[in-house]
Amino acid sequence: MGSSWSIAEEEEEEERRPLLRPRPGAGAGAAGRSRAPAAERGGAAPVVTAVPAQLLAGPGRVYRRRWLVLLLFSLLAFLQGLVWNTWGPIQNSARRAYGFSSWDIALLVLWGPIGFLPCFAFMWLLDKRGLRVTVLLTSFLMVSGTGLRCIPVSSDLVIKKRLIHGGQLLNGLAGPTIMNAAPFLSTTWFSADERATATAIASMLSYLGGACAFLVGPLIVPAPNETSHLLTSESNSIHIKDRIEMVLYAEFGIVCLTFFAAIAYFPTRPPFPPSVAAASQRLSYRRSFCRLLSNLRFLMIALAYAIPLGVFAGWSGVLDLILTPVHVSQVDAGWIGFWSIVGGCIVGIAIARFADFIRGMLKLILLLLFSGATLSSTWFTLTCLNSITHLPLTTVTLYASCILLGVFLNSSVPIFFELFVETVYPVPEGITCGVVTFLSNMFMGVLLFFLTFYHTELSWFNWCLPGSCLLSLLLILCFRESYDRLYLDVVVSV
């Protein structure tokens, strides 16, 4: 990423040029200081041969505008998650208004992981063109997708359904940037003692958007059984459709405002880098993939993230469908989904702030979080099988188990992202996180694909949660952590 500040750059070079030439003797000395401890840890030595002379003399410079950049990106992430999860919380109403089937509901959620198929193209764009170009393209896709869903063709439900599916696909194409760019943004704009916090805020807001869909949808759109005693079947469908379109127009308007705000101000990078790691040289696009695919430690921790988070994302998207057999209403399902994700977002940001102060404890944090996730997911699954287990199936138990599960899993996301970057440094952040989120969405897509065929009985879907959490816990336990990027910032800047 340091090449973004370079004066000149050759297109075919293997390694990127640094921001500035190091002072005579400074680069070699810094390299010696940081490589020796890395060798003692048994990890790869960080690449520090091209550290800017200005940063060797002291800490980097941060700007107040970094919070505005973080706010705009986080708002886009929030809206992308909100649009993606529009239909799951109101699936019963959508069936009545547009004639959606269970396959349609699952496919509307599935467009999210399908949108990650061109993930590597967005990673290349982020790596080569920087934040501004990538974010503007992403926000334009969101404007196009939400606008497509608002085209008035109510006389033909088939065309309307196709437009809705097309809009969800375009919004899904915005997902790679939203999910991958948070560590890139935090490294570009924030100092070493703020990176985990910035990563948590930028990555958690997408989940918070999905959570607000559980709240906004059921509160604005009535369920069919809430209006059927007052209206005829036809007028009931029209009333529900009008309320759904109100939600669609509101989402379109907010996305447009955010898009224009990003056009007005969203710089690619600050004038000067905030840390040594932000300005140091990184591997090229091709060599980054070779490094990732040959790093067994990275593949281990990537699977520990991708499998449970992919399963949980798919499970959350159809939570109403899962809770319907246990006689949970659409509104209650919405509240359960809302608080499970909100709790995870709050705890995730708090844990990330703690990790900024107490460095080098990412593995321990993940072990604690996934121990709790395994227990809470097992509790929820056994509760849903109360006819066999005879565990009490009450609103309190469902709320408690789902909220705890969301807190443990969602709060692990920024910790995982920081650990990924530390493990494979100097691979660029966007490429690293792009690979793991692609894997996560691949697992979610496979799971939702099976759901389109096996949607009559969903206990198998619930069992996927504790199984994936337990597998992840074992992988984290066997993982050997390293902190090369952090060591570079701490040692070279001293």
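The rules we used
Residues numbered from 1 in each chain as written. Predicted model: local features only at pLDDT ≥ 70, side-chain atom pairs only at ≥ 80, totals over all residues. Heavy atoms only, no water. UniProt positions renumbered as here; feature names shortened; annotations may be inferred. Helix = DSSP H or I, 4+ residues; strand = E, 2+ residues; numbered from the N terminus. Buried < 20%, exposed > 50% of the residue type's maximum accessible area, 1.4 Å probe, protein only. Contact = heavy atoms within 4.5 Å. Areas by Shrake-Rupley, 256 points an atom, 1.4 Å probe, with all protein chains shown as cover. Core = buried A, V, L, I, M, F, W, Y, C linked by side-chain atoms within 4.5 Å. Domains from an automatic or database assignment. Patch = residues over 30% accessible without salt bridge, like charges linked within 9 Å, V, L, I, M, F, W, Y side chains within 5 Å. Salt bridge = Lys/Arg side-chain N within 4 Å of Asp/Glu carboxyl O. Phe/Tyr/Trp six-rings, centres within 6.5 Å; stacked < 30°, edge-to-face > 60°. Polar contact = N/O pair within 3.5 Å; in protein donor to acceptor, adjacent residues only side chain to side chain. Arc of directions from axis to C-beta. Axes fitted to C-alpha atoms, helices over the stretch in contact; angles between N-to-C directions. Left-handed = near helix turned anticlockwise from the far one by under 90°. Nonpolar A, V, L, I, M, F, W, Y, C, P; charged D, E, K, R; others polar.

As recorded in an unreviewed UniProt entry, the protein chain goes by Solute carrier family 49 member 4 and comes from Phascolarctos cinereus. Per UniProt, the comment on the protein chain under Catalytic activity (unreviewed entry) is "pyridoxine(out) + n H(+)(out) = pyridoxine(in) + n H(+)(in)". We quote the UniProt Function (unreviewed entry) comment for the protein chain here in full: "Mediates H(+)-dependent pyridoxine transport."

A.B. asks: I tried to follow the overall build of the protein chain on my own but got confused; where do I start?
C.D. replies: In terms of helices and strands, the protein chain carries 24 helices and zero strands. Residue burial in the protein chain is summarised as follows: out of 494 residues, 60% are buried. Looking at the protein chain alone, contacts between residues at least 24 apart form 84% of all its contacts between residues at least 6 apart. Surface summary for the protein chain: the accessible area is close to 18800 Å², and the carbon and sulfur share equals 69%.

A.B. asks: Please clarify how the nonpolar core should be interpreted in this entry.
C.D. replies: Note that soluble globular proteins tend to have their nonpolar side chains buried in a common cluster. Counting residues in each nonpolar core, the largest one holds 131 residues, and the members touching the most others are W87, Y305 and W315. Counting residues domain by domain, this core receives three or more from each of domain 1 (61-222 + 233-279) and domain 2 (286-493).

A.B. asks: Please clarify how a nonpolar patch on the surface should be interpreted in this entry.
C.D. replies: Where nonpolar side chains cluster on the molecular surface, the patch consists of M442, V446, F449, F450 and F453 and spans about 490 Å² of accessible area. Along the chain, the position of F450 falls in helix α22 (residues 429-451). The class for F450 is partly exposed, based on a relative accessible area of 40%.

A.B. asks: Explain the packing of aromatic side chains to me, please; I cannot follow it from the model alone.
C.D. replies: The relation between two aromatic rings is expressed through the spacing of the ring centres and the mutual angle of the planes. Evaluation of the coordinates by the stated rule reveals 19 aromatic pairs. Centre to centre, the rings of Y285 and F289 are 5.0 Å apart; their planes meet at 75°, and the pair counts as edge-to-face. Residue Y285 and its partner F289 are both found in helix α14 (residues 285-293); the two are separated by four residues, about one turn of the helix. On the basis of an interplanar angle of 85° and a centroid distance of 5.3 Å, the ring pair of W315 and F380 is categorised as edge-to-face. Taken together, the positions of W315 in helix α15 (residues 296-317) and F380 in helix α18 (residues 362-384) put the pair 65 residues apart, joining distant regions of the chain. The same class applies to W315 and to F380, which are both buried. Each residue in the set F298, Y305, F370, F416, F417 and F420 is aromatic and connected to the rest through ring pairs, giving one cluster.

A.B. asks: Would you take a moment to explain the environment of W339 for this structure?
C.D. replies: Residue placement: W339 occurs in helix α17 (residues 330-357). You can call W339 partly exposed: its relative accessible area is 39%.

A.B. asks: Before we go on, may I ask you to explain the environment of W111 in this structure?
C.D. replies: Tracing the chain through its elements places W111 in helix α5 (residues 102-114). Linking W111 and N171, residues 60 residues apart in sequence, is a C-alpha distance of 8.3 Å. If near-sequence neighbours (up to four positions away) are discounted, W111 is found in contact with H165, Q168, L169 and G172. A polar atom in the side chain of W111 sits 2.9 Å from the side chain of H165.

A.B. asks: Before we go on, may I ask you to explain helix α4 (residues 91-98) in this structure?
C.D. replies: Each turn of an α-helix holds 3.6 residues, which means side chains three or four residues apart point in the same direction. Residues of α4 that are buried: Q91, S93, A94, A97 and Y98. An end-on view of α4 places all buried positions within 150° of arc, on one side of the element. G99 sits one or two positions beyond α4 and adopts a positive phi of about 70°.

A.B. asks: What am I meant to see in the pattern of salt bridges here?
C.D. replies: Think of it this way: side chains of opposite charge can pair up when their charged atoms draw near. Inspection of every chain in the model, using the stated rule, returns seven salt bridges. Among the ionic pairs, D356 bridges to R353, the shortest N-O distance being 3.5 Å. Residue D356 and its partner R353 are both found in helix α17; the two are separated by three residues, about one turn of the helix. A cluster of three or more residues bridged by salt bridges with shared partners is formed by E418, E422, E429 and R485.

A.B. asks: Can you help me understand the packing of helix α3 (residues 66-84) against helix α7 (residues 131-149) in this one?
C.D. replies: For any two helices packed against each other, one specifies the crossing angle of their axes together with the interaxial distance. Close contact between α3 and α7 brings their axes to 11 Å; oriented N to C, the two are set at 35°. The crossing of α3 and α7 is left-handed. Facing F73, L76, L79, Q80 and V83 of α3, the residues of α7 in contact are V135, S139, M142, T146 and R149. The residue inventory of the contact of α3 with α7, partitioned by class, reads six nonpolar, three polar and one charged.

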